Amino acid sequence: MHALTGFSLVSLLSFGYLSWDWAKPSLVADWPGEAGEQRSAAPPQPPHIIFILTDDQGYHDVGYHGSDIETPTLDRLAAKGVKLENYYIQPICTPSRSQLLTGRYQIHTGLQHSIIRPRQPNCLPLDQVTLPQKLQEAGYSTHMVGKWHLGFYRKECLPTRRGFDTFLGSLTGNVDYYTYDNCDGPGVCGFDLHEGENVAWGLSGQYSTMLYAQRASHILASHSPQRPLFLYVAFQAVHTPLQSPREYLYRYRTMGNVARRKYAAMVTCMDEAVRNITWALKRYGFYNNSVIIFSSDNGGQTFSGGSNWPLRGRKGTYWEGGVRGLGFVHSPLLKRKQRTSRALMHITDWYPTLVGLAGGTTSAADGLDGYDVWPAISEGRASPRTEILHNIDPLYNHAQHGSLEGGFGIWNTAVQAAIRVGEWKLLTGDPGYGDWIPPQTLATFPGSWWNLERMASVRQAVWLFNISADPYEREDLAGQRPDVVRTLLTRLAEYNRTAIPVRYPAENPRAHPDFNGGAWGPWASDEEEEEEEGKARSFFRGRRKKKCKICKLRSFFRKLNTRLMSQRI
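All figures in this text were calculated on a predicted structure; none of them were measured in a lab.

**Digging into the sheet that holds strand 17 (residues 424–428)**
The strands making up a sheet associate through backbone hydrogen bonding, with each pair oriented either parallel or antiparallel.
Reasoning step 1: Judged by pairing direction, the sheet is antiparallel, and its 4 strands sit side by side in the order 15-16-17-18 without closing on themselves. Of all strands in the sheet, those with a lone pairing partner are strand 15 (387–393) and strand 18 (462–466), marking the two edges. With strand direction ignored, the average angle separating the axes of adjacent strands in the sheet is 10°.
Reasoning step 2: One ladder, built from 6 bridges, connects strand 15 with strand 16 (residues 416–421); its direction is antiparallel. Within the sheet, the bridge partner assigned to D393 lies in strand 16 and is Q416.
Reasoning step 3: Set on the sheet, helix 11 (residues 482–496) makes contact with strand 15, strand 16, strand 17 and strand 18; between it and strand 17 the angle comes to about 65°.

Put into structure tokens, the structure is as follows:
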């Protein structure tokens, strides 16, 4: 029933003509309604909200940042809207998505360590009121298309139970773009494309970027513009595996680096998908009362063709290359358009901002870490935000050279943490690989180019940068400004006192797709959860006793696989 919510029989029958072909840019005339893009005196109703999230798109990988990748749609939308050039996200997938939908830092949801893995009995905390739930309260129809990655071990964790009327997409972190298979280790593979709460076997074979744009257009075609709409499109692109339709690869055939070539093709395909969604907004009467938000979820993965140049670091790190986001807002409702905003913003800010636009309310009782930044975006006012807690992760490998003494007795600098207050940014522990990596345009990359500015054997655990003056993090001022270091360490300690325990449970063998008809999906219920976890532990204890001769070997490969997965993330 959830999969059909909000759709009529007529709209389902119309799905046949709402294919990718009708909306291909090469087959579509200029966008309709160019003359009608002026803002009316007052919107007749709360605006339609379209939130587009891309996966692993690097800071450098958009045309208006000087990229070698073609993104004409994103360039045009950003140029006519407001570019967000002081906008921050999280360094990996689950944390950004959880903060978007809850308006809370990771330390306040228990998700401050790593990602939610497919076999973990974990998900976005069920006591959190999500953004789509708040928008439903305000009268919105809510729809999600794309990547969830916020847990699914119980049905209560699914998108259709967390505020979305409909859902089409994947539940895990990465799938094949055509077959929708996902492997969480050797021999642990399953299908992952779901419509509502059902496995969508019949949609296999369609390239996910095109499929998701097609479904978004179908939702717009079947929905009345008179009822406010929240459409969350979380593209799988441009996360690995690097797969693209051949026609997009061809235009980058002269690009020497193969990974970069495939990655560029995927970005351009995603750009055209955004064009098709925007075109559908105009065709079906939504555009003039809509707010389109575009955001990346974390920095680009330089191992897989992405580029964050000239920023330092990559996906999975707390350097600017991992947490500085691509973002813009495009809307006829903006009061000041065609400009760049340098107001400080964080992904948690979308929750109160969009609830406010919808006519809803938030209060201190909601425990939000985000701020309503719409006046800063639309009118160019100062941002109410003055600081960002990037994260505190007590489970991440402690830095060898950190200590409580090194943190003036205020903070254990071995703990991975990062915070920005005003123009200052402090990092402690191990922030991740701190390289400045140029775009991978040469066929021989990596190689000698990889070591161009590689940071090796750094014997420290505290860094301080003036991000306003040094956005590329080239001049560490920790030794020169111990007073600022003390202030920011104190702030970290204050945040840490509000943190809830980390939730990062052991993997459960019942999650194996073989027990679910070959697909990833919920496997636990309230009553079964503790009992089954106990059985699983007993089962594996018994196996270890019987096969003790290979215990050490299995342990070795398990640790090796964990390290490889960490690098992959």
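And the narrative resumes.
**Overview of the state of the cysteines**
Reasoning step 1: Counted by the stated rule, this structure contains 2 disulfides.
Reasoning step 2: A sulfur-sulfur distance of 2.3 Å marks the disulfide that ties C123 to C157. Sign of the S-S torsion, about -60° for the bond between C123 and C157, identifies this disulfide as left-handed. With C123 in the loop between helix 3 (93–102) and helix 4 (131–137) and C157 in the loop between strand 4 (141–147) and strand 5 (166–170), this residue pair connects regions lying 34 residues apart in the sequence. With respect to burial, C123 and C157 carry one shared label: buried.
Reasoning step 3: Disulfide pairing places C183 opposite C189 at an S-S distance of 1.9 Å. On the sign convention where negative is left-handed, the bridge of C183 and C189, at about 110° about the S-S bond, is right-handed.
Reasoning step 4: Each bonded cysteine of the chain is numbered by sequence order, and under that numbering the disulfide pairs are 1-2, 3-4.

**Topic: the pattern of salt bridges**
Reasoning step 1: Evaluated as defined, the whole model comprises 22 salt bridges.
Reasoning step 2: As a salt-bridge pair, E70 and R251 come within 3.8 Å of each other at their nearest N and O atoms. Taken together, the residues span a long stretch of sequence, with E70 in the loop between strand 1 (48–54) and helix 2 (72–79) and R251 in the loop between helix 6 (246–250) and helix 7 (258–283) at a distance of 181 residues.
Reasoning step 3: Judged by its relative accessible area of 41%, E70 is partly exposed.

**Section: the pairing of strand 1**
Reasoning step 1: Of all 7 residues making up strand 1, 7 are buried, and the element is well covered by its neighbours.
Reasoning step 2: Every second residue of strand 1 is oriented toward a common face, with H48, I50, I52 and T54 on one face and I49, F51 and L53 on the other, all of them buried.
Reasoning step 3: Two elements, strand 1 and strand 11 (residues 290–296), share 7 bridges in a ladder whose sense is parallel. Paired with I50 across the bridge in strand 11 is I292.
Reasoning step 4: As defined by bridge partners, strand 1 adjoins strand 10 (residues 229–234) across 5 bridges and the pair is classed as parallel. Across the sheet, residue I52 finds its bridge partner in strand 10, namely V233.

**A short note on the packing of aromatic side chains**
Reasoning step 1: What the rule picks out here adds up to 15 aromatic pairs.
Reasoning step 2: Ring centres 5.8 Å apart and planes at 80° place the aromatic pair F51 and W350 in the edge-to-face group. Residue F51 is located in strand 1, and its partner W350 is located in helix 9 (residues 350–357); the two are separated by 299 residues in the primary sequence. With respect to class, F51 is no different from W350; both count as buried.
Reasoning step 3: Taking 6.3 Å as the distance between ring centres and 85° as the angle between the ring planes, the aromatic pair formed by F152 and W523 counts as edge-to-face. Remark: W523 occurs in the loop between helix 11 and helix 12 (528–546) and F152 occurs in the loop between strand 4 and strand 5; sequence separation between them is 371 residues.
Reasoning step 4: On the accessibility criterion, F152 (4% relative accessible area) is buried.
Reasoning step 5: You can call W523 buried: its relative accessible area is 8%.
Reasoning step 6: One aromatic cluster is present, formed by F51, Y87, F164, F230, Y232 and W350 through successive ring pairs.
Reasoning step 7: Over the aromatic face of Y287 sits the side chain of K282, whose NZ or CZ is 4.5 Å from the ring centroid.
Reasoning step 8: Note that R474 overlies the ring of W436, its terminal NZ or CZ placed 4.4 Å from the centroid.

**Looking at the sheet that holds strand 12 (residues 327–330)**
Reasoning step 1: Strands sit in the order 9-8-5-4-10-1-11-12-2-13 across an open sheet of 10 strands; the sheet is mixed. With one partner strand each, in any of the chains shown, strand 9 (198–199) and strand 13 (339–341) form the two edges of the open sheet.
Reasoning step 2: Sheet topology note: the strand 4/strand 5 ladder contains 5 bridges and is parallel. What sits directly across from H143, in strand 5, is T166.
Reasoning step 3: On the sheet, helix 3 packs against strand 1, strand 4 and strand 10 and is oriented at approximately 175° with respect to strand 10.

**Some words on unusual backbone geometry**
With the exception of glycine, most residues fall at negative phi, and the peptide bonds are largely trans.
Reasoning step 1: For the peptide bond that leads from A237 to V238, omega is 10°, which places it in the cis range.
Reasoning step 2: Mapped onto the elements, V238 comes out in the loop between strand 10 and helix 6.
Reasoning step 3: The omega torsion across T240 and P241 is 5°, close enough to zero to call that bond cis.
Reasoning step 4: With respect to the helices, strands and loops of the structure, P241 is situated in the loop between strand 10 and helix 6.
Reasoning step 5: Positive phi, close to 55°, is recorded for H149, a residue that is not glycine.
Reasoning step 6: Assignment of secondary structure puts H149 in the loop between strand 4 and strand 5.
Reasoning step 7: Phi is positive for Q338, which is not a glycine, with a value near 50°.
Reasoning step 8: Tracing the sequence through the fold places Q338 in the loop between strand 12 and strand 13.

The rules behind each value
Residues numbered from 1 in each chain as written. Predicted model: local features only at pLDDT ≥ 70, side-chain atom pairs only at ≥ 80, totals over all residues. Heavy atoms only, no water. Pairing = 2+ DSSP bridges. Helix = DSSP H or I, 4+ residues; strand = E, 2+ residues; numbered from the N terminus. Axes fitted to C-alpha atoms, helices over the stretch in contact; angles between N-to-C directions. Contact = heavy atoms within 4.5 Å. Disulfide = S-S within 2.5 Å. Buried < 20%, exposed > 50% of the residue type's maximum accessible area, 1.4 Å probe, protein only. Salt bridge = Lys/Arg side-chain N within 4 Å of Asp/Glu carboxyl O. Phe/Tyr/Trp six-rings, centres within 6.5 Å; stacked < 30°, edge-to-face > 60°. Lys NZ or Arg CZ within 6 Å of the ring centre and 35° of its normal.

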